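Residue-level structural notes
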Amino acid sequence: EAQVTQNPRYLITVTGKKLTVTCSQNMNHEYMSWYRQDPGLGLRQIYYSMNVEVTDKGDVPEGYKVSRKEKRNFPLILESPSPNQTSLYFCASSLLRGMPDTQYFGPGTRLTVL
Amino acid sequence: SQQGEEDPQALSIQEGENATMNCSYKTSINNLQWYRQNSGRGLVHLILIRSNEREKHSGRLRVTLDTSKKSSSLLITASRAADTASYFCATDERGSNYKLTFGKGTLLTVNP
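What comes next concerns the included structure. (Residues numbered from 1 in each chain as written. Chains lettered and ligands numbered in written order. Predicted model: local features only at pLDDT ≥ 70, side-chain atom pairs only at ≥ 80, totals over all residues. Heavy atoms only, no water.)

**Some thoughts on the state of the cysteines**
Throughout the structure, instances matching the rule amount to two disulfides over all chains. Two residues, Cys23(A) and Cys91(A), share a disulfide whose sulfurs are 1.8 Å apart. Taking the sign of the torsion about the S-S bond as the criterion, the disulfide between Cys23(A) and Cys91(A), at about -70°, is left-handed. Of this pair, Cys23(A) sits in strand β3 (residues 19-25) while Cys91(A) sits in strand β9 (residues 87-94), placing them 68 residues apart in sequence. The exposure class assigned to Cys23(A) is buried, which follows from its relative accessible area of 2%. Note on cysteine connectivity: Cys23(B) is disulfide-linked to Cys89(B), with sulfurs 2.0 Å apart. Handedness here is read from the sign of the S-S torsion; for Cys23(B) and Cys89(B), about 65°, the answer is right-handed. Of the two residues, Cys23(B) sits in strand β3 (residues 19-24) while Cys89(B) sits in strand β9 (residues 85-93), which places them 66 residues apart along the sequence. (Disulfide = S-S within 2.5 Å. Helix = DSSP H or I, 4+ residues; strand = E, 2+ residues; numbered from the N terminus. Buried < 20%, exposed > 50% of the residue type's maximum accessible area, 1.4 Å probe, protein only.)

Take a look at the structure:
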């Protein structure tokens, strides 16, 4: 089944404890992206990647890191999480940008930073 | 910065009625997409309309795009309780280097 998977789905952590949220897609998509969703603010893009080893900042990249060593994986790293990073996070992928394109979303990761 | 802005923020209708949601944006776009999100879950793509298209249909969905007014509308006909969800427009800005920008969404409630 074609899908985007994220792990973990739920995470409660404490300030300063490094964490990684994994994202994997099995559709051979070139483009992958991370978003956070907060009440009243909608979805905001954190980072995106157009291909392996190519990453760019979105609207709210501060406090996050990403890597794209393989086409299928795009982990989101929080080196020193803070309470303002408590949010619902979504990973998405699409086949090829440059043409009008659909994004496929993962199920989301609900992160709470205490 | 927020590109698309949906209107209204919330809409409550009875089953069988039509629901219309609007999206306004600020800059030139390559295309505009509509997504649906059931509470707390991932977004699901509904329909994409290109900047050179004016109207598109998919089942009970009808999308229009007016690039002169920088606005789009999503019409859901003969609504069902299962249509209850949040609906987001997303724009692919021209020259944005492949960035898709989402609005804040319209929460649609369809009462049985």
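**Notes on the sheet that holds strand β7 (residues 61-66) of chain B**
Residue and element names in this part refer to chain B. Read from one edge of the open sheet, five strands run β1-β3-β8-β7-β6, paired in antiparallel fashion. Of all the strands in the sheet, the pair left with one neighbour each is β1 (5-7) and β6 (55-58). Ignoring which end each strand starts from, the neighbouring axes of this sheet average 20° apart. (Pairing = 2+ DSSP bridges. Axes fitted to C-alpha atoms, helices over the stretch in contact; angles between N-to-C directions.)

**Details of the interface of chain A and chain B**
With 24 residues of chain A at the interface, the matching set in chain B holds 22 residues. Along the contact surface separating chain A from chain B lie two residue pairs in polar contact (both at pLDDT 80 or more). Within the residue set of the side of chain A that touches chain B, elements represented by two or more residues are β4 (31-38), β5 (42-51) and β9 of chain A. Tallying contributions element by element places β5(A) first for the side of chain A that touches chain B, with five residues. Across the side of chain A that touches chain B, the residue classes break down as eleven nonpolar, eight polar and five charged. (Contact = heavy atoms within 4.5 Å. Polar contact = N/O pair within 3.5 Å; in protein donor to acceptor, adjacent residues only side chain to side chain. Nonpolar A, V, L, I, M, F, W, Y, C, P; charged D, E, K, R; others polar.)

**Looking at the nonpolar core**
Of all hydrophobic cores here, the largest spans 20 residues; its most connected members are Met21(B), Leu32(B), Trp34(B), Leu74(B), Ile76(B), Tyr87(B) and Leu108(B). If you list the elements that add at least two residues to this core, you get β3, β4 (29-37), β5 (43-50), β7, β8 (71-76), β9 and β11 (106-111) of chain B. Formed by 19 residues, the second largest nonpolar core is a distinct cluster that contains Val21(A), Cys23(A), Tyr64(A) and Leu76(A). (Core = buried A, V, L, I, M, F, W, Y, C linked by side-chain atoms within 4.5 Å.)

**Some details on unusual backbone geometry**
Geometrically, the link from Asn7(A) to Pro8(A) is a cis peptide bond, its omega value of -5° lying close to zero. For Pro8(A), the position within the fold is in the loop between β1 (4-7) and β2 (10-13). At Lys70(B), a position not held by glycine, the phi torsion is positive, near 50°. Secondary-structure assignment places Lys70(B) in the loop between β7 and β8. Take Lys70(B): its relative accessible area is 28%, and that puts it in the partly exposed class. Positive phi, normally seen in glycine, also occurs at Ala78(B), with a value near 45°. Topologically, Ala78(B) is positioned in the loop between β8 and β9. Under the relative-accessibility criterion, Ala78(B) is labelled partly exposed at 40%.

**A look at the sheet that holds β1(A)**
Residues and elements named next belong to chain A. Taken in spatial order, the four strands of this open sheet run β1-β3-β8-β7, and their pairing is antiparallel. At either end of the open sheet lies a strand with only one pairing partner, and these are β1 and β7 (65-66). Two strands pair when backbone bridges link them, and β7 and strand β8 (residues 76-78) are joined in this way by two bridges, in the antiparallel orientation. Each residue of the ladder has a partner; that of lysine 65, found in β8, is isoleucine 77.

**Observations regarding the layout of surface pockets**
What the largest pocket holds in volume is close to 520 Å³. In terms of lining, the largest pocket is formed by 23 residues, of which the most central are Gln37(A), Pro39(A), Gln37(B), Ser86(B) and Phe88(B). Contributions of two or more residues to the lining of the largest pocket are made by β4, β9 and β11 (109-113) of chain A together with β9 and β11 of chain B. The greatest single-element share of the lining of the largest pocket, amounting to three residues, is contributed by β9(B). In the lining of the largest pocket, the residues fall into seven nonpolar, 13 polar and three charged. Lining the second largest pocket are 14 residues; nearest its centre among them are Phe105(A), Gly106(A), Gly42(B), Leu43(B) and Val44(B). Mapped by element, the contributors of at least two residues to the lining of the second largest pocket are β10 (104-105) of chain A together with β5 of chain B. Among the elements that take part in the lining of the second largest pocket, β5(B) stands out by supplying three residues, more than any other. Among the residues forming the lining of the second largest pocket, the class breakdown is five nonpolar, seven polar and two charged. (1 Å grid on protein atoms, 1.4 Å probe; cavity = no way out; pocket = protein on both sides within 12 Å on 5 of 7 lines; lining within 4 Å. Points joined across faces, edges and corners; volume = space filled by probe spheres on them.)

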